[in-house]
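Secondary and tertiary structure notes
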Amino acid sequence: MERALEMAPSGEDNLITAAMNAGFIGGPGHHTSGGGYDEHKQSRAAFEKSYESNANGGGGGFFANNSGSSLFDPSTYASYGSVNHQTMDIGNVPHGPSVPDARFFEEPPPPPTEPLSYGESFERHGIGERFASAPPPATPPSFDWNTSAGDSASSVSSESGSAYDWTSSAEPVQQTPSHEVPSYDAQLKSSNSADPAAVLSARLRVAAAEMATAAAEFVQLERQRAETTDQRVMDALQQPRLEAQETLARTMASMQSMLKQRDSLRARMAGLPEEPEEPLIGAYLPPITARVEAPPLPAWPEARPYEAPTPRPYEPPTPRPYETWTPPERAPAPEFIPASSTFDLPSMDEGDEGYDPAPAPLDFDIPPPQTPMGTGQEIMLQGFNWESCNSHKKWFNVISDEASEIANAGFTAVWLPPPTDSVSDQGYLPRDLYNLNSFYGNVEDLKRCVNAMKQNGVCPVADIVINHRCADKQGEDGRWNLFTGKMAWDQQAITTDNPEFGGRGCGGTGEDYGPAPNVDHTKDWVRNDLKQWLHWMKNDIGFGGWRFDFVKGYGGNFTGEYVGDTKPYVSVGEHWVACNYNGGNLEYNQDSHRQSTFDWCASTGGSTAAFDFTTKGILQEALRNREYWRLQGSDGHPAGFCGKWPTHAVTFIENHDTGSTLQHWPFPVDRLAEGYAYILTHPGTPTVFYDHWKDPELREDIQSLMEVRKRLKIGCDAAVYITKAEDGCYAARIGQPRQIVDRQACSEVDGSKPSLCVKLGPGDWSPNRERVGGTKWTCKASGDGWAVWEDRRFLD
């Protein structure tokens, strides 16, 4: 068997001795039966070899002297091949066929009746005379695994008698062997009844050889892939590596299957009960096709006729010994006042009990607020949306035609879109600042619009985009960083924060704006050019105010310098930072958010206001979810920036970025009127979005609220006394402050001057029932979810 499998013994003496002891070869006067298969000697030989390999540090190698060990020796198949753990080389791997012929396992030959002889190899070790009784063949026997069945006869005729052709037919070939070869029927009978362990042992050896070969190939590919850094080489090795890995997994699964067969055979020979077979790891499990019958339905009880329950007489609760029980009195229903009501409550004389007389006026006059927003009584209109640049009629002409209508509505300032030449249609990627021909109209259209606003007493506010500027030409490095026109700058006017534009200026002083080169405001000549341009926009074009875009991109001190040098009537910056969220939920405490806006305004020296993004975020969340408790901060004042520094807060509920067609951070559409009821009655400078003002369903509500604000002279420094802030209802009294408001909010309303009360939400609340301010109130404006009252003492 070993010779047919090409398991040639090693050239060392100890290997020959192990083979002799195992019973696969015989010495003088010694012959083993059963084809040299001796259970006891093979087990002893395998044990001795395993001990010797472990003692020498060589591992459990698959050598010739243990290849014939017993099927039932567990140490025999512990490992196949040896591994050098320093070089990761696999050695002592038996070389044999990749896949033996199918008949090798189906119709194996019987073992030889005579011990195998190794001929000249024994003479080289000086022991040939010990085997004179077994003459060696003329040439060493061999087996060609690649020989087909058709070539079997020719190959056998050229070999010695001790070799066997595994692919030959059942008819024996006429030879002169040293011993008689049994017939095919005898071979089959012998293999099936005499020695099945030998067949399985041969199959295990072949499987071990295949697994060791596959492992060697896989490890070699892994080494080559690990030693290279060339991506092309790694890609070329990837497919062979995957194939070798698949081959190794397949051979391991085959080895596992045969080991289970070995265990089963061992159990049968030992008389032990066989264990139930379990699926191999990674083996294919066919789907279950057997039909599973459903359990029988339970036997339901027979239906009984319906019996109506017998009503029990009412039994009052038994009073305790120490008390008597009386039914509670029904409380009267509270007064209901619909939110949309505009009727007056029954009049009350000035001397009615329970109402306080009007307080005496202050001994001094409160000076006008120190604010960058005009007189502090301004109401601004954002005069465009995101799609205004695509208007069929040039937008500057649209606004100029509506100038008188804007003024009559009560607006005192109009924020116009960016007027300069721009890469983008909307104007927020400016190129040549002195070129005022934009998608909104040419320079003549712009001048006509500005003059129309000024003639109607409305301040035109320009959108100033000076955080970044798009270049006209490419530099030597191929980057767009050269500017033309009156402000012909080079790379030194660009910050170094974004290497894409090859800036050679200083580092940025704020957040980098990725789409365009960021202007280096630390250069004196850059700031001088910008201030000269702003003077030209104010004196030659006629603008009266500035709205600074993306002010978080550069230091607030530079904005303060531009405002201080040009002295506009109104000045506001877009300091848009994200509110504090916990996952998708807005946090209640937004103090850090409004503090960041406060810090930016302070960095300008107080010369510029800021849009109140804190109030927008809190207000839209409160109205959407009826969480009106959000509108009162932890300090008792309004929770937004208007409750921190109201004279520098420009409130709004929507603009061209958050709403319009962009919808970056939209206000709930069904709560727009309620939102304007808040910002048009509270401190700060309110801004109305053009789309909302032109909406017929909103315009009437906005107009009535603006009239109340102007009639009561509610300014940016108004005092707010919050009386209720809970789920479903917010109520407050707003009026003139009784103290100077400077970088703080005021909650003390001057009752000697006109004031108002406002309620938001579906909750029931009335200033008359609550006797707010000890006076009487008349509802002057109301809508879905909101109402505004005025102090009756100051009504005509």
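In case you missed it, the structure is sitting above this.
Here's what I pulled together on the structure shown here. (Residues numbered from 1 in each chain as written. Predicted model: local features only at pLDDT ≥ 70, side-chain atom pairs only at ≥ 80, totals over all residues. Heavy atoms only, no water.)

Comments concerning the overall build of the chain
The secondary structure content of the chain amounts to 19 helices and 19 strands. Going through the 796 residues of the chain one by one, you find that 48% of them count as buried. Once local pairs closer than 6 in sequence are excluded, the contacts in the chain between residues at least 24 apart make up 68%. In the structure as shown, the chain presents an accessible area of about 40,400 Å², 51% of it carried by carbon and sulfur atoms. (Helix = DSSP H or I, 4+ residues; strand = E, 2+ residues; numbered from the N terminus. Buried < 20%, exposed > 50% of the residue type's maximum accessible area, 1.4 Å probe, protein only. Contact = heavy atoms within 4.5 Å. Areas by Shrake-Rupley, 256 points an atom, 1.4 Å probe, with all protein chains shown as cover.)

Here we look at the packing of helix α7 (residues 196–227) against helix α8 (residues 231–270)
Between α7 and α8, the shortest axis-to-axis distance is 8 Å and the interhelical angle comes to 155°. As the angle between them shows, α7 and α8 are arranged roughly antiparallel. Taken as a pair, α7 and α8 cross one another with a handedness that is left-handed. The residue inventory of the contact of α7 with α8, partitioned by class, reads 20 nonpolar, six polar and seven charged. (Axes fitted to C-alpha atoms, helices over the stretch in contact; angles between N-to-C directions. Parallel < 35°, antiparallel > 145°, perpendicular 65-115°, else oblique. Left-handed = near helix turned anticlockwise from the far one by under 90°. Nonpolar A, V, L, I, M, F, W, Y, C, P; charged D, E, K, R; others polar.)

Let's talk about the packing of helix α16 (residues 672–679) against helix α18 (residues 696–711)
Remark: α16 packs on α18, axes separated minimally by 10 Å, with the N-to-C direction vectors making an angle of 10°. Considering their axes alone, α16 and α18 lie roughly parallel with respect to each other. Here α16 contributes L672, A673, Y676, A677 and I679 to the contact with α18, which in turn contributes L698, D701, I702, L705 and R709. Class assignment of the residues belonging to the contact of α16 with α18 gives a composition of eight nonpolar, no polar and two charged.

A word on the sheet that holds strand β3 (residues 380–382)
One closed barrel holds the eight strands; their spatial order is β3-β4-β5-β8-β9-β12-β13-β14, and the pairing between them is parallel. Shown here is a sheet whose adjacent strand axes are inclined to one another by a mean of 30°, direction ignored. Summarising the sheet, strand β13 (residues 649–651) and strand β14 (residues 685–689) pair through two bridges and their orientation is parallel. Its bridge partner lying in β14, T651 is registered against P686. (Pairing = 2+ DSSP bridges.)

Looking at unusual backbone geometry
Look at K567: it is not a glycine, yet its phi comes out positive at around 50°. Relative to the assigned elements, K567 resides in the loop between α13 (556–566) and β9 (570–573). Taking relative accessible area as the criterion, K567 reaches 59% and is therefore assigned exposed. Located in the positive-phi region is R771, a residue other than glycine, with phi close to 55°. Mapped onto the elements of the fold, R771 is located in the loop between α19 (767–770) and β18 (777–783). In this structure R771 comes out as partly exposed when scored by relative accessible area, which is 44%.

Overview of the nonpolar core
In terms of nonpolar packing, the biggest core is built from 115 residues, with F411, F543, L631, Y676, Y730 and L760 touching the most fellow members. Discounting residues that sit within four places of it in the chain, L631 has contacts with I618, L619, A622, H637, P638, A639, Y678, I722, Y730 and L760. (Core = buried A, V, L, I, M, F, W, Y, C linked by side-chain atoms within 4.5 Å.)

What about the packing of aromatic side chains?
By the definition in use, this model includes 19 aromatic pairs. Centroid distance W395 to Y690: 5.3 Å. Interplanar angle 75°. Geometry classified as edge-to-face. One end of the pair, W395, is in helix α9 (residues 395–401); the other, Y690, is in helix α17 (residues 690–693), and 295 residues separate them in sequence. Considered together, W395 and Y690 belong to a single accessibility category, that of buried residues. (Phe/Tyr/Trp six-rings, centres within 6.5 Å; stacked < 30°, edge-to-face > 60°.)

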